[in-house]
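Summary of the model geometry
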Amino acid sequence: MSSSTHPAGSSEEKAVPGLVLGAIGVVFGDIGTSPLYTLRECLKAAGGATPSNVFGIVSLILWSIIVVVTLKYVSFVMRADNDREGGILALTALASGVAPKRLRHLLLTLGVFGAAMFYGDSMITPAISVISAVEGVTLVDAKLTEWIVPISLVILTGLFKLQKRGTGAVGSLFGPVMIVWFLTLAALGILHILTHRSIIEAVSPLYAIAFVTHAPGTAFVVLGSVFLALTGGEALYADMGHFGKMPIRLAWLLLVLPSLVLNYFGQAALVLERPSAIDQPFFQSAPSWGLVPLVILATAATIIASQAVISGAFSMTKQAVQLGFLPRIPVVHTSTHEIGQVYVPFINVTLYAAVVFLVLFFRSSDNLAAAYGIAVASTMLLTTLLMYFITHSLWKWHPLATAAVIGPLALVDAIFVSSNVSKVLEGGWFPLLAGGVLFTIMTTWHKGRETLVNTMKADNLVLVDLIRSLCGGEHTPPRVPGTAVFPGGVEDVAPSAFLHNLKHNGVMHRTNIFLAGKTENVPHIPDEEKVVVTDIGHGCYMAKVRHGFMEIPNVPNILTLAQQQMPDWTYEPAECSFFLARDTVVATGESRSMPLWREKLFAFLARNGAQAAEYYSLPANRVVEMGGQINI
């Protein structure tokens, strides 16, 4: 229940150059900092920097980027926008809306799993990005090695501490800094390509094919490290709602892709010329006088990359709450102009704790690289599977066309997932563990809400019948001045807060408004379509409210809209009392849909969710909470 205003960053409101600059600063941070460690990890996995390894691996990196990022995401997936929004949950909502009913539950489950894996990625990205940048100081002085972890923790602590102030103040700096970063990547690459021009031959996919066919076992392991060059590809789609398709595509094709390719080829040329550079090919590609400035620039770029991932986790959380996969969590708007800029304190603290653990436990980017990839690869595969339903059911493609596109993309994703499975024991267990815990929480909350609604429908009275029986006979309760508003109800069911008020206070207000909200599978609902008011007589009104999954409920705004359909009533905040049910959910073990342990988990989540008054943006001095108990 909130305003349907689109983010101010929509493509209709800003010039394309400004959006391109913003996209460079926000969208490409993760994939843009991958050159810090990708080629190094690939060569180590291959067993050394032999010419055949170098040519084969850099060719694999190039064609992986072209197939997965350029063809799949930029050219294909970004066409599947949900009212201009992207991301795994937006895609899930879109696909489940067009898929056969029997498959919708499965698609929702897949989407939730993808979202859970995204959180795992959100934990690893800040850790590996910052620590890989800081490791550059060891080339300045080897004695600084023992300071890598403390410096990284200081930087990350400052980054998470600044989240509550919002990104608006520093956001304008992101684009220019990242432009400098990508131009530096390109310049360093060109510098070494010119000294070993034969590396350009690796543009041919024949080198990648030869590498794979010559030693398929080794190549399979190496692919797990090649995938590091693709992490962040999902962000192109997830951030589409903030910048639009065209700015992201322009930024990718004109700057980011060429810069990345030139840098990877430049690192490969350096390693061919000087195999000892395999330990730190990125930083050793800089001239001696440029090493310190490059470390500083790399640190700034990794901070920006981390910031973008953290902000993405905040946005994902808001969507998950609205779609009913997470309990109410306090969300703070950090900008009066940009609706998309939010801060979620609980998620910020949780991510920070996870990042600190990762840095202290793994202690180097080498070790963290083993944990990186499995979560992102899983999300990418799920995106491809969901795209099948978009092409088949929404776009109405011919089945052969769908198979011709989805089949190869799914095969590539499946290969990358399989190659990353080998990393599970080396560190990949962490994102899988984190994702598994989050998946359990999200599916438990979603199922628990369904059970709770069914319980309320079975146990509570039909609202219209109750109002008629109360107000149509001799025992009508006394009516008191003012308006009573009952948010968060179930459609056509008498809310427990209303029943508690009748039971304990024995009165009804002169005007009673019952709000029943429903989240649709679209990001935003226009104001004119957001609320439908039905007069059920005796000064009572049922308001059916629809809102999108990118909108945060705001009851005062809804009442302002509702008054247009209520000619005899005007919204006056000082005359409204908001009645909320603060029911305690008790796990009884009698539910047929959930085992006892999931019932207890749901009850725990329900007890610890954000207060409804805060969630609905209600004035604290006008809220009345009525307690009760619901057995599930």
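Please refer to the structure placed before this passage.
Residues numbered from 1 in each chain as written. Predicted model: local features only at pLDDT ≥ 70, side-chain atom pairs only at ≥ 80, totals over all residues. Heavy atoms only, no water.

**Structural notes on the overall build of the protein chain**
Put simply, the test is: Numbering of helices and strands runs from the N terminus; a helix is a DSSP stretch of H or I covering at least four residues, while a strand is a stretch of E covering at least two. Note on contacts: a residue pair qualifies if any of its non-hydrogen atoms lie within 4.5 Å across the two residues. In this tally Asp and Glu are treated as negative and Lys and Arg as positive; neither His nor the chain ends contributes. For this purpose, a charge sits on NZ of Lys, CZ of Arg, CG of Asp or CD of Glu.
Helix and strand content of the protein chain: 25 helices and 8 strands. When the backbone C-alpha atoms are referred to their principal axes, the protein chain occupies close to 95 × 50 × 45 Å. The long-range share in the protein chain, meaning contacts at least 24 apart out of those at least 6 apart in sequence, stands at 84%. Across the protein chain, the centroid of the 39 positively charged side chains sits 3 Å from that of the 40 negatively charged ones.

**A closer look at the nonpolar core**
Selection criterion: Buried residues of nine kinds, namely Ala, Val, Leu, Ile, Met, Phe, Trp, Tyr and Cys, make up a nonpolar core once their side-chain atoms join them within 4.5 Å. Only protein chains enter the area calculation, which uses a 1.4 Å probe; residues under 20% of their type maximum are buried, those over 50% are exposed, and those in between are partly exposed.
Judged by nonpolar contacts, the single largest core of 173 residues is most densely connected at Phe28, Trp181, Phe182, Ile199 and Trp252. With sequence-adjacent residues up to four places away left out, Phe28 is seen in contact with Ala23, Met178, Phe182, Leu236, Ile248, Ala251, Trp252 and Val256. The next biggest cluster of nonpolar side chains, apart from the first, holds 19 residues, and it includes Leu466, Leu502, Met508 and Phe514.

**Regarding the packing of helix 5 (residues 88-98) against helix 6 (residues 101-134)**
Here is the rule we go by: Between N-to-C directions, angles span 0 to 180 degrees; the directions come from axes that are lines fitted to C-alpha atoms, helices contributing only their stretch in contact. Any angle from 65 to 115 degrees is called roughly perpendicular, while one under 35 is roughly parallel, one over 145 is roughly antiparallel, and all others are oblique. Any residue outside Ala, Val, Leu, Ile, Met, Phe, Trp, Tyr, Cys, Pro, Asp, Glu, Lys and Arg is labelled polar, Gly included; the first ten of those are nonpolar and the last four are charged.
Where helix 5 meets helix 6, the axes come as close as 9 Å, and the angle between the chain directions of the two elements is 175°. In terms of orientation, helix 5 and helix 6 fall into the roughly antiparallel class. Residues Ile88, Leu89, Thr92, Ala95, Ser96 and Gly97 of helix 5 form the contact with helix 6, whose own contacting residues are Arg104, Leu107, Leu108, Gly111, Gly114 and Ala115. Among the residues forming the contact of helix 5 with helix 6, the class breakdown is 6 nonpolar, 5 polar and 1 charged.

**A look at a nonpolar patch on the surface**
Operational definition: The patch calculation keeps residues exceeding 30% relative accessible area without a salt bridge and links them within 9 Å when they carry like charges or within 5 Å when they are nonpolar (Val, Leu, Ile, Met, Phe, Trp, Tyr). Note on areas: Shrake-Rupley with a 1.4 Å probe; residue coverage comes only from the protein chains shown. Here a salt bridge means any side-chain nitrogen of Lys or Arg lying within 4 Å of a carboxyl oxygen belonging to Asp or Glu.
A cluster of nonpolar side chains, namely Val140, Leu144, Trp147, Ile151, Val292 and Ile296, defines an oily patch on the protein surface of about 530 Å² accessible area. Within the element layout of this structure, Trp147 appears in the loop between helix 6 and helix 7 (148-161).

**A short note on the side chain of Thr70**
Positionally, Thr70 belongs in helix 4 (residues 51-76). In this structure Thr70 touches Ile65, Ser75, Trp252, Leu253 and Leu257, once residues within four positions along its chain are discounted.

**Considerations on the pairing of strand 5 (residues 531-537)**
To be explicit about the condition: For two strands to be treated as a pair, DSSP must find at least two bridges joining them.
Bridge analysis of strand 5 against strand 6 (residues 540-547) gives 6 bridges, and the strand direction is antiparallel. Looking across to strand 6, one finds that Val533 is bridged to Ala543. The hairpin turn running from strand 5 into strand 6, its antiparallel successor, is 2 residues long, and His538 in that turn takes a positive phi close to 60°.

**Notes on the packing of aromatic side chains**
What counts is decided by this rule: The criterion for an aromatic pair is that two Phe, Tyr or Trp rings (for Trp, the six-membered ring) have centres within 6.5 Å, with stacked assigned to planes under 30 degrees apart, edge-to-face to planes over 60 apart and tilted to the rest. Comment: the charge-over-ring label is applied if NZ (Lys) or CZ (Arg) is within 6 Å of the ring centre and within 35 degrees of the ring normal.
All told, the structure shown has 25 aromatic pairs when counted by the stated rule. Centre to centre, the rings of Phe118 and Tyr119 are 6.4 Å apart; their planes meet at 70°, and the pair counts as edge-to-face. Aromatic side chains Phe314 and Tyr343 sit 5.8 Å apart centroid to centroid with 80° between the ring planes, which places their arrangement in the edge-to-face category. Placement of Phe314 in helix 15 (residues 291-322) and of Tyr343 in strand 2 (residues 342-343) is noted, with a sequence separation of 29 residues between them. Accessibility expressed as a relative area gives 1% for Phe314, which makes it buried. By relative accessible area, which is 11% here, Tyr343 ends up buried. Three or more aromatic residues joined by ring pairs form one cluster here, namely Phe357, Phe361, Phe362, Trp429 and Phe430. The positively charged end of Arg79 is found above the aromatic ring belonging to Trp395, 4.7 Å away from the centroid.

**Focus: the environment of Trp429**
Within the secondary structure, Trp429 sits in helix 20 (residues 429-459). Looking at Trp429, the relative accessible area reads 30%, which means it is partly exposed. Residues Trp429 and Ala370 lie 59 residues apart in sequence; the distance between their C-alpha atoms is 9.5 Å.

**Here's the deal with the pairing of strand 3 (residues 479-489)**
The condition is simple: When the strands point away from the viewer and the connection leading from the first strand across the helix to the second strand turns clockwise, the crossover is called right-handed.
With 7 bridges connecting them, strand 3 and strand 4 (residues 508-519) associate as parallel partners. Residue Phe486 lies in a different strand from strand 4, and its bridge partner there is Phe514. Note on the crossover from strand 3 through helix 22 (residues 496-505) to strand 4: the handedness is right-handed. Summarising the sheet, strand 3 and strand 7 (residues 576-586) pair through 3 bridges and their orientation is parallel.

**Some details on helix 21 (residues 463-471)**
An α-helix turns once every 3.6 residues. As a result, residues three or four positions apart point the same way. Using the following cut-off: Directions drawn from the helix axis to the C-beta atoms are what define this arc.
Taken together, the buried positions of helix 21 are Leu463, Leu466, Ile467, Leu470 and Cys471. The buried residues of helix 21 all sit within an arc of 105° when viewed along its axis, so they share a single face. Considering only its buried residues, helix 21 is in contact with strand 3, helix 22, strand 4, strand 5 and strand 6.

Read these as layout, nothing more, since geometry by itself doesn't imply function.
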